[in-house]
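# A closer look at the structure
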Amino acid sequence: MFFVDTLEFEGLGNRSYLAGGPSAAVVIDPPRDIDQIIAAAAHRGVRIAFVAETHVHNDYVTGGLELARVTGAQYLLPAGAHVAFTRIPVADGDMVTVDKGLVLRAIATPGHTPHHTSYALAEDGRSVAAFTGGSLLIGTVGRPDLVEPRLTERLARAQYASAHRLADELDDEVPVLPTHGFGSFCSSSQAEGDATTIGKERETNDALTLDVDTFVARMLDGLDDVPAYYAHMGPANAAGPTPVDLTPPTRAHADEIASRLAAGEWVVDLRSRMAFAEGHVAGSFNFEGEGKLATYLAWLIPWGKPVTLLADTPEQIADAQRELARVGIDRPAAATGDPVGWVREGEQLASFPRARFADLAEVRERGDEVVVLDVRRDAERVGGYIEGSVHIPIHELHDRIDEVPKGTVWVHCAGGMRAATAASLLDAVGREVVAVDDGFDAATDAGLSLVSG
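The following paragraphs examine the structure supplied in this document. Just so we're clear, the structure is a prediction, and the values are computed from it rather than from any experiment. (Residues numbered from 1 in each chain as written. Predicted model: local features only at pLDDT ≥ 70, side-chain atom pairs only at ≥ 80, totals over all residues. Heavy atoms only, no water.)

One non-glycine residue, D29, lies in the positive phi region at around 50°. For D29, the position within the fold is in the loop between strand 3 (24-28) and helix 1 (35-44). (Helix = DSSP H or I, 4+ residues; strand = E, 2+ residues; numbered from the N terminus.)

Quick look at the structure:
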């Protein structure tokens, strides 16, 4: 009997897979931190015989090369991918035997990238799983605009053809197991649900229910912003990522925190937005460790800028370090998992207030002059925004902070997490700020006037 184990990485919105039989297995699209893959294989009592990539990834640093080196597995990569290391190139129709009666077949599915390849797993000649990477996702497909702007429409049309090929070649009951689509910005739209089959996609996926021109027009019209750090992921993966180092970083003390801030480095507080607002090191930034830490920190920070991490516990530091390594932020300059001693003797923690949309409505009704800053993405603001609000997406705020009008800034997003980060950026430069910690639906309930995007 075959098995498929799913490893979820919620922070990046991705999945990796370990699939095999009684004695051997293949890993599909592994993360940078390979220890958990190795542990999963050990739990199953199987040898990792193959590591297979569906494409050269744009949103995270792969652990595939290192996993193959450590385990002695054969490293499979689409033949069209240009990389600087030795691997086994796979072309359309190539097959490898994972275990007795268990065969992995490569299916060329260009679209997300020109070289993208899916893999169908068959047991005794019957397809039992389709690892679709960034091709056919749950209710959507991978975005086609991450490689080269001039190729975007061509790749969108290829994505349509690839989805149809998968639907034509595989039976309705075959599970579709994508890498992207669970919050990843590699997805052209966000997936609904967490499991699907070829049959379900045939009935609901735009790529399989619309004509090609309508599908391409809708997809291109709905593409969201691309995280800035994506520009560094493809080259890192093509060059061959170095092994990850998750040993604890140097411990940060008050003098070092102050000196790193003075040097223009980033000091990132991983605590909850509530704790940060109540008291934090002046000049530090708040990126909640429980949120999309890797995505938003890697998106906002100038690439290569040293980062010091602050948290409540050493365990939170370790979790953050692991998550950041997945996107190429390898070694924190320093860190501390104990809030005691973050500031020098005689210095005070900074703070700012949090509020609800109802509080903002009350302030406006009094006639107080305040700045309302919306830090949602363009695609979110189209759905409606507070009348008179200023719009600077969170990922642009650090470079455009001088554009925020004078006055007290009430900053909001869709739920509170990004507003807290934005508030910390403003607070760090001395602005008077209020972080709106509320769901955007509450703006209407509070009586605030909304404008259609």
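Don't stop here, the text continues.
For the coordinates displayed, the defined rule picks out ten aromatic pairs. Ring centres of Y160 and F215 lie 5.4 Å apart, and the angle between their planes is 45°; this geometry places the pair in the tilted category. You can see Y160 sitting in helix 3 (residues 152-169) and its partner F215 sitting in helix 6 (residues 212-222), a full 55 residues away along the chain. Both residues of the pair, Y160 and F215, count as buried. Members of the aromatic cluster, joined through ring pairs, are F185, Y296 and W299. The ring of F440 carries R376 above its face, with NZ or CZ at 4.1 Å from the centroid. Above the plane of the ring of Y385 lies R381, whose end atom (NZ or CZ) is 3.8 Å from the centre. (Phe/Tyr/Trp six-rings, centres within 6.5 Å; stacked < 30°, edge-to-face > 60°. Buried < 20%, exposed > 50% of the residue type's maximum accessible area, 1.4 Å probe, protein only. Lys NZ or Arg CZ within 6 Å of the ring centre and 35° of its normal.)

Okay, the environment of L324 next. Inspection of the secondary structure assignment puts L324 in helix 11 (residues 314-325). Taking relative accessible area as the criterion, L324 reaches 1% and is therefore assigned buried. For the pair L324 and L293, spaced 31 residues apart in sequence, the C-alpha to C-alpha distance is 7.6 Å. Not counting the four nearest positions on each side in its chain, L324 is found in contact with L293, A294, L297, L309 and I329. (Contact = heavy atoms within 4.5 Å.)

Ranked by size, the top nonpolar core spans 52 residues in total, and within it W266, F287, L309, L373 and L397 carry the most contacts. Per element, the largest residue contribution to this core is seven residues, and it comes from helix 10 (residues 293-300). For L309, the residues in contact, after removing those within four places along its chain, are V268, L270, I317, A320, L324, P332, A334, A335 and T336. In terms of nonpolar packing, the next biggest core, distinct from the first, is built from 22 residues, F9, I48, A68 and V83 among them. (Core = buried A, V, L, I, M, F, W, Y, C linked by side-chain atoms within 4.5 Å.)

With respect to the helices and strands, the residue H253 is situated in the loop between helix 7 (230-239) and helix 8 (254-262). Judged by its relative accessible area of 45%, H253 falls in the partly exposed class. Between the alpha carbons of H253 and D338 there is a distance of 9.8 Å; along the sequence they are 85 residues apart.

What follows concerns helix 11. Taking 1.5 Å of rise per residue, twelve residues should cover 16 Å, and helix 11 covers 16 Å from first to last C-alpha, within 8% of that figure. Looking only at helix 11, the buried set comprises I317, A320, Q321, E323, L324 and A325. (Expected span 1.5 Å × (residues − 1).)

Moving on to the pairing of strand 20 (residues 409-412). Neither face of strand 20 is open: one carries V409 and V411, the other W410 and H412, and all of them are buried. Where strand 17 (residues 371-374) meets strand 20, four bridges bridge the pair, whose relative direction is parallel. Across the sheet, D374 pairs through a bridge with H412, a residue of strand 20. In the sheet, strand 20 pairs with strand 21 (residues 433-436) via three bridges, with the strands oriented parallel. Looking at strand 21, one finds that V409 is bridged to V433. As for the winding sense of the linkage, the β-α-β connection from strand 20 through helix 15 (residues 417-428) to strand 21 is right-handed. (Pairing = 2+ DSSP bridges. Right-handed = clockwise from strand over helix to strand, strands pointing away.)

Let us look at the environment of I386. Relative to the assigned elements, I386 resides in strand 18 (residues 385-386). Setting aside residues up to four positions removed in sequence, I386 forms contacts with F357, L360, R364, V372, H412, F440, A443, L448, S449 and L450.

The five strands are arranged 7-8-9-10-11 in an open sheet whose pairing can be described as mixed. Looking at which strands have only one partner, the edges of the open sheet turn out to be strand 7 (95-99) and strand 11 (176-178). With direction set aside, neighbouring strand axes in the sheet form an average angle of 25°. Along the sheet, helix 3 makes contact with strand 8 (102-108), strand 9 (117-123) and strand 10 (126-133), crossing strand 8 at roughly 145°. (Axes fitted to C-alpha atoms, helices over the stretch in contact; angles between N-to-C directions.)

To continue, consider the packing of helix 3 against helix 6. Axis separation between helix 3 and helix 6 bottoms out at 10 Å; the angle between their running directions is 125°. As summarised for this structure, helix 3 and helix 6 are arranged oblique, according to the angle between their axes. In terms of crossing hand, the pair formed by helix 3 and helix 6 is right-handed. The segment helix 3 lies against helix 6, with T152, E153, A156, R157, Q159 and Y160 engaging V212, D213, F215, V216, M219 and L220. Its residues assigned to classes, the contact of helix 3 with helix 6 shows seven nonpolar, two polar and three charged. (Parallel < 35°, antiparallel > 145°, perpendicular 65-115°, else oblique. Left-handed = near helix turned anticlockwise from the far one by under 90°. Nonpolar A, V, L, I, M, F, W, Y, C, P; charged D, E, K, R; others polar.)

All right, on to the pattern of salt bridges then. The full count for this structure, using the stated rule, is 34 salt bridges. As a salt-bridge pair, R400 and E403 come within 2.9 Å of each other at their nearest N and O atoms. Assessed through its relative accessible area of 45%, E403 is described here as partly exposed. Each of the salt bridges in this network shares a partner with another, and the network as a whole consists of D33, D35, R322, E323 and R326. (Salt bridge = Lys/Arg side-chain N within 4 Å of Asp/Glu carboxyl O.)

Shape is all these values report; function is a separate question.
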